[in-house]
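Now for the letters of each chain:
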Amino acid sequence: MSTNQPPEKKQKADVTWRSKCIKKFGLKEPPGTVPTGSEDAWKRYYKTRVKIEEDDARLEDEDYDSDGNSIAKEEDAEEVSELMFSWATYGMERLEKLMPEDCKWHWTPQRPKLGWDSDCKLQSADYYAHVWSPFAIPHAIKLYHSWYGKVGWSYSTLNTDYHYMLVDFEDSDEGGKYVQLCSFDDDVIKTSNLNKTSVAKLRKFLYGGNTKKIKQQTCSDKDFLLLLFGSMGSTDEHLEDDAKDACLGWTWVPSNDDDTKEMLFKLKAPEDDDENGVPPTTLGKYYPRRCSWLRYAILKAADALGPISKHYQPPPEKKASPARGYDDSDGDGYSSDGYEW
């Protein structure tokens, strides 16, 4: 009696959850030696990613997720749509070009939650997204970024933070706890978890390694962080604002201080903060690039500080004020010494 299976049955037997994921999501074989992942892990991966991406596809024309739950109020649907375009389409299109053509940045944005003040101005925004490995590795990084800003006659409040969660589908489809990468809380800046060690950890989890070869196949540490923070809503080229002009906090403006400007000029620091840029020749026409606290933190963690940003200065000490923040009684968004926030 023959034991050979009919061709159609053999073909079905060869289809695994791993092979289904590779085909559906365009995954590449891992560049190094990593565990292939169990069938249970790949099944969880497949079902989770399909559901999340189906919800993402509904953002353009529906207000309900795949479970039938409302995901937007009718009155702010247009605002959410505009923000999604600014972030997920316009902003990330520029950043996604940082990856090579044959190794795309795999990510799925989710509808942000927005809050408004009594004057219908944006007061809070929560961003959510998943980043997936471009390789056949059943891992994802879950991202969350919150922003809250409020300005009055004699006070200002600005809080923003960034979190990640590692999701290993061998364990579950939920992940563990969020870990804060960095935050800005009324000029209190925390970046202790945004460093070379955390960058290496995230890259190894997503790409299966952190070798020079893998970086050549994917992107540099700097570009990896720009893509990661962009996936959390911060796609601004200068990392000063989120969508809808939501300021992210302190920005050092070296041209506001004559001594600093002259020092950078004497050092021949190129205006664009690129060490290979053109050195300045005229002090009066020299405007060295600004540097936000977030841009500085990202460049430092990636060991990519430029000839200007390596001289970055943190916010000055706050002056006494009726409430937290700078004394911004004229409401112009500047502290009394001319630095921006």
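Not measured: the values here are computed from a predicted model. (Residues numbered from 1 in each chain as written. Predicted model: local features only at pLDDT ≥ 70, side-chain atom pairs only at ≥ 80, totals over all residues. Heavy atoms only, no water.)

Visitor: An account of the sheet that holds strand β4 (residues 156–168) is requested, with residue identities and associated values reported.
Guide: The antiparallel open sheet is built from 6 strands, whose spatial order is β1-β2-β3-β4-β5-β6. Single-partner strands in this sheet number two, and they are β1 (106–116) and β6 (188–190). This sheet shows a mean twist of 10° between the axes of neighbouring strands, independent of strand direction. In this sheet, β6 lies alongside strand β5 (residues 179–185) in antiparallel orientation, the contact comprising 3 bridges. Looking at β6, one finds that F184 is bridged to I189. (Pairing = 2+ DSSP bridges. Helix = DSSP H or I, 4+ residues; strand = E, 2+ residues; numbered from the N terminus. Axes fitted to C-alpha atoms, helices over the stretch in contact; angles between N-to-C directions.)

Visitor: So what about the packing of aromatic side chains? Which residues, and what values?
Guide: Under the defined criterion, the tally for this structure stands at 19 aromatic pairs. Ring centres of W87 and W107 lie 5.6 Å apart, and the angle between their planes is 55°; this geometry places the pair in the tilted category. A residue pair is termed long-range when its members are at least 10 positions apart, and W87 in helix α4 (residues 77–96) and W107 in strand β1 qualify at 20 residues. Under the relative-accessibility criterion, W107 is labelled buried at 11%. Grouped by ring-pair contacts, the aromatic residues W17, F25, W42, Y45, Y46, W132 and F169 constitute a single cluster. Lying over the aromatic face of W17, K20 brings its terminal NZ or CZ to 4.1 Å of the ring centre. In this arrangement the basic side chain of K268 is found over the ring face of F265, its NZ or CZ atom lying 5.0 Å from the centre. (Phe/Tyr/Trp six-rings, centres within 6.5 Å; stacked < 30°, edge-to-face > 60°. Buried < 20%, exposed > 50% of the residue type's maximum accessible area, 1.4 Å probe, protein only. Lys NZ or Arg CZ within 6 Å of the ring centre and 35° of its normal.)

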